[in-house]
Amino acid sequence: MAGSRGWTDDILGEGFQQRTLTLEPDDEGDVVATLVRYRMPPLEQLGEFLLPDVADGIDVLYVHGWSDYFFQRHLARFWARLGARFYALDLRKYGRSLRPHQTPGYVDDLRTYDEDIEAALTVMGHGAADHAAGRRTRRRLVLLGHSTGGLTLSLWTARNQDRVAGLVLNSPWLEFQARQLGRLAIAPLIQAGSRIDPRAQLPVVDLGFYTRSVSSTMDGAWDYDLAWRPLHGFPLHPGWLNAILTGHRLVDAGLHLRVPALTLLSARSVLLPRWNDAMLRSDTALDVDAVAERALDLGETVTIVRLDGALHDVFLSEEPVRERAFDQIVAWGRGYLAAPVTRQR
């Protein structure tokens, strides 16, 4: 890790700040990640119903999914109400971290993000060097990942279990949409393509239905930057897809997590070639049944919640669905994030 710069005001407005994390250059040149933090303004605290018993002493790090970046103000405020310090990471070549000379979202190994995550954790006080030296912060770490970010954080947690208190997954991409048989069939072809031309452009598979369900410019309710979260997603490349399929294979083999994990999913998927209004209340990106089954391979303590009416990003669903998701996090947090009790012998 090359270093980081100080905090500055973020595009999300009051209470939000960002910090550029300078990473080691890659074959495309300079690389950065961006850490966003939220601190609830004092006047806002007066008007909030706070539940500081749920996540007091917790630091949350959120990682977004494919063709995405952090813009969910309400998610940060929710965790702040629970007593947590909330941070979000725009990974290299995404959102705030994307530079004109870069291939958007491209890596050829999900372990590449170890550097991004480590840079963020160092700023948060959870760095590997302090951990190894026994200079641990008294605060505990909860990781929160959406879609590809959920896959990335699950794999990272498996390699760093003693640094994580809990893992919350929002529609994590733990299995290929064509399930295990489809993944096993396509993996050799993608692997061969990644060796021949890793940045070759693959056919567009995102028909824009997910964007239609969430963007306020269409049938959705959310305002965000369509340059950073485009209508049809970023172009796909064999090198990147090979990294994803490798991650799926590792989850399939079992991650053996001792860390408690909460997986939030829609009750149903609608994966069709034409628009259907049911897509406004369904996951249009993943096969949620396949993901629910694969989530059982994460580890020994896995909670799976299926939410009727949820979108692929559960936290961008209609308000009643979001509130049910938040209630589930509160219940799970009270069960698994409470301060450890010292048992008397």
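Data block above holds the structure.
Residues numbered from 1 in each chain as written. Predicted model: local features only at pLDDT ≥ 70, side-chain atom pairs only at ≥ 80, totals over all residues. Heavy atoms only, no water.

With 6 of 8 residues buried, helix 9 (residues 288-295) lies mostly within the body of the structure. Considered for burial, the residues of helix 9 that qualify are V288, A290, V291, A292, R294 and A295. Looking at the buried residues of helix 9, the elements they touch are helix 6 (179-196), helix 8 (238-253), strand 9 (261-266) and strand 10 (302-307). (Buried < 20%, exposed > 50% of the residue type's maximum accessible area, 1.4 Å probe, protein only. Helix = DSSP H or I, 4+ residues; strand = E, 2+ residues; numbered from the N terminus. Contact = heavy atoms within 4.5 Å.)

Once that is clear, we can look at the pairing of strand 5 (residues 58-63). Of all 6 residues making up strand 5, 6 are buried, and the element is well covered by its neighbours. Burial along strand 5 is two-sided: the face carrying I58, V60 and Y62 and the face carrying D59, L61 and V63 are both buried. Alignment of strand 5 against strand 6 (residues 85-90), held across 5 bridges, turns out to be parallel. Directly across from V63, in strand 6, lies its bridge partner L89. A crossover connection joins strand 5 to the parallel strand 6 through helix 2 (residues 73-81); in handedness this β-α-β unit is right-handed. (Pairing = 2+ DSSP bridges. Right-handed = clockwise from strand over helix to strand, strands pointing away.)

Closest axis-to-axis distance for the helix 2/helix 10 (residues 319-336) pair is 12 Å, and the angle between their directions is 35°. For helix 2 against helix 10, the interelement crossing comes out right-handed. For the pair helix 2 and helix 10, contact is made by H74, L75, F78 and W79 and by R322, F326, I329 and V330, respectively. Residue classes in the contact of helix 2 with helix 10 are distributed as 6 nonpolar, 1 polar and 1 charged. (Axes fitted to C-alpha atoms, helices over the stretch in contact; angles between N-to-C directions. Left-handed = near helix turned anticlockwise from the far one by under 90°. Nonpolar A, V, L, I, M, F, W, Y, C, P; charged D, E, K, R; others polar.)

For S67, which is not glycine, the phi dihedral falls at a positive 50°. Despite not being glycine, H256 shows a phi value in the positive range, around 55°. Positionally, H256 belongs in the loop between helix 8 and strand 9. Note on H256: relative accessible area 59%, which makes it exposed.

Below, the discussion takes up the nonpolar core. The biggest cluster of nonpolar side chains holds 53 residues, and the ones touching the most others in it are L61, L89, W240 and L298. Setting aside anything within four residues of it in sequence, one finds L298 in contact with S154, L169, L174, V251, L255, H256, L257, A261 and T263. Core analysis: the next-biggest nonpolar cluster, separate from the first, contains 45 residues, F16, V214, L262 and V314 among them. (Core = buried A, V, L, I, M, F, W, Y, C linked by side-chain atoms within 4.5 Å.)

With that settled, consider the packing of aromatic side chains. Under the criterion given, the structure shown has 17 aromatic pairs. Each ring, one from F78 and one from W79, has its centre 5.6 Å from the other, and the planes form 75°; the classification is edge-to-face. Considered together, F78 and W79 belong to a single accessibility category, that of buried residues. Through a chain of ring-to-ring contacts, the aromatic side chains of F16, Y38, Y62, F70 and F86 assemble into a single cluster. The side chain of R212 reaches across the aromatic face of W275, ending 3.9 Å from its centre. (Phe/Tyr/Trp six-rings, centres within 6.5 Å; stacked < 30°, edge-to-face > 60°. Lys NZ or Arg CZ within 6 Å of the ring centre and 35° of its normal.)

Let us look at helix 6. Given 3.6 residues to a turn, an α-helix orients residues that are three or four positions apart in the same direction. Helix length check: helix 6, at 18 residues, gives a terminal C-alpha distance of 26 Å against a target of 26 Å (1.5 Å per residue), a fit within 8%. Along its length, helix 6 shows its largest kink, about 35°, at I186, and proline P188 lies within four residues downstream of that point. On its buried side, helix 6 packs onto helix 8 and helix 9. (Expected span 1.5 Å × (residues − 1). Bend = angle between axes of the 7 residues up to and from the residue.)

Interpretation in functional terms is not warranted from these geometric data alone.
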